[in-house]
Amino acid sequence: PPTRPLLQRSMSSVLFDKYEGRPQKMILSVILGCVGALYFYISDNPQTIPDVYQKQAKWAFGEGTGRYFFGFVVLLVMQIGYFILTHHEQDFGYVRMMFTAPAVGLLIYRVIYYYQKGYLLYLIDFCFWSHFAGLRTLWLYEDLSFDYMVAVFAALNGPVGGATFLLRTPMLVHNPEAFESFFLHVVPMWASYSLRWNWGEMFFQIKRDDIPSIRKTVWAGFTMVYLPWALSYGVFVSLQPYLPVVANMETLFDWYAYGGKPTERTDPLHIWLLKVWVYLLVHAIMATQGLVAAAMSLQYQEVHTVWIVCVLVGTASSGMSFYYASLDPDVDVEPEDKLITGLKDCGIAWIFMLVTYAYCWWKYGMKKSKEG
């Protein structure tokens, strides 16, 4: 009411009116703020992670580099919190740049690192494919179809974000390589949240009355983003043992099928092909369930929020386990049943998703049916 004091009216506007009555955005900002506070704590207490480089060589860091990177992460989290909350049309350029700058910088860092370590073929995995598709959408959206942009949304929020459960992706902040895994899988979900709920009509041509169905969203994500990658990846890996230069380079398929690069590739051709395409079949099944989660997220903001929070909690839990293990030489970084643990975490996330979706369908769908 106009009779309220100016400060009280301003706070009400910030908490509710400005964000169109969506307090879940404020919940996300609080979570991000807590994460930022955790980063500050670790930055001021470097003894918290003294032995990380001994427990996990892949995420080693040189002396003195960690603290500088902490500052970058804190600033990044604060800016990401802003672009999740913002909804003004004039802020889109800022949002786009605040995602693109660290995305490109971290990708360049990873390319250099992977080149040095011989991991370059990890760069052809689906998460990188989707990441580039997301950057393409941000900068070339005026030339892309709305169906394609819905497909990219589905890929980034489904198979890429959902992969954090099975991969046990940790939220690590002690060096760029460690943080890039988290950024690659999780932060595109936050950016797409802003695009969907702040600029949905511009990117996805979505209004309340014409939201794409779950089936249509899953189909778009699978055929327009996932399938082209899966076929290309399958053909390449099938031929890899016979290709010069790359024959003995490690891929994510090796990591799943053999636990890392085999000492020598001795499988007969038919066994090799069977392993490759069974792996891709399982990959496609898991990707499809992720696409369903993304399609549900496209329908309702509450569902999207719950899915993002589940992924964030999962990565934070894995990160805490990593740092705890780094302090205790008797604790392994990863559980023995990593796959089973990931499937359980994914199942718990789905329970929250389905309950939230049912509530939203009852709240909005039933009301729409009665009005119709």
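Scroll up a little and you will see the structure.
None of these values were measured; they are calculated from a predicted model. (Residues numbered from 1 in each chain as written. Predicted model: local features only at pLDDT ≥ 70, side-chain atom pairs only at ≥ 80, totals over all residues. Heavy atoms only, no water.)

### Examining the pattern of salt bridges
All told, the structure shown has 2 salt bridges when counted by the stated rule. Note that Asp 345 is salt-bridged to Arg 168, the shortest N-O span being 2.9 Å. In this pair, Asp 345 sits in helix H14 (residues 338-371) while Arg 168 sits in the loop between helix H7 (146-167) and helix H8 (176-198), placing the two residues 177 residues apart along the sequence. With a relative accessible area of 24%, Asp 345 lands in the partly exposed category. (Salt bridge = Lys/Arg side-chain N within 4 Å of Asp/Glu carboxyl O. Helix = DSSP H or I, 4+ residues; strand = E, 2+ residues; numbered from the N terminus. Buried < 20%, exposed > 50% of the residue type's maximum accessible area, 1.4 Å probe, protein only.)

### Observations concerning unusual backbone geometry
Glycine aside, residues mostly have negative phi, and peptide bonds are mostly found in the trans state. Positioned with a positive phi, Arg 168 is a non-glycine residue whose angle comes to about 55 degrees. Note on Arg 168: relative accessible area 10%, which makes it buried. The backbone phi angle of Val 245 is positive, close to 75 degrees, even though this residue is not glycine. Tracing the backbone through its elements, the reader meets Val 245 in the loop between helix H10 (214-239) and helix H11 (252-258). The class of Val 245 is exposed, set by a relative accessible area of 77%.

### Focus: the packing of helix H6 (residues 126-140) against H8
Between H6 and H8, the least distance of the axes is 11 Å, while the angle of their chain directions is 35 degrees. For the pair H6 and H8, the crossing hand works out as left-handed. Where H6 abuts H8, its residues Cys 127, Phe 128, His 131 and Leu 138 lie against Glu 180, Phe 183, Leu 184, His 185, Pro 188 and Leu 195. Per-class residue counts for the contact of H6 with H8 are 7 nonpolar, 2 polar and 1 charged. (Axes fitted to C-alpha atoms, helices over the stretch in contact; angles between N-to-C directions. Left-handed = near helix turned anticlockwise from the far one by under 90°. Contact = heavy atoms within 4.5 Å. Nonpolar A, V, L, I, M, F, W, Y, C, P; charged D, E, K, R; others polar.)

### Thoughts on the nonpolar core
In globular proteins that are soluble, nonpolar side chains generally tend to be buried together. If you look at the biggest cluster of nonpolar residues, it comprises 79 residues, and the most contacted ones within it are Phe 99, Phe 182, Trp 190, Phe 203, Tyr 233 and Trp 307. If you tally residues by element for this core, the top one is H8, at 13 residues. In contact with Phe 203, not counting residues within four places along its chain, are Phe 92, Thr 137, Tyr 141, Phe 146, Met 149 and Leu 195. Residues Ala 154, Val 218, Ala 294 and Ala 295 belong to the second largest nonpolar core, which totals 5 residues. (Core = buried A, V, L, I, M, F, W, Y, C linked by side-chain atoms within 4.5 Å.)

On their own, these measurements won't tell you what the molecule is for.
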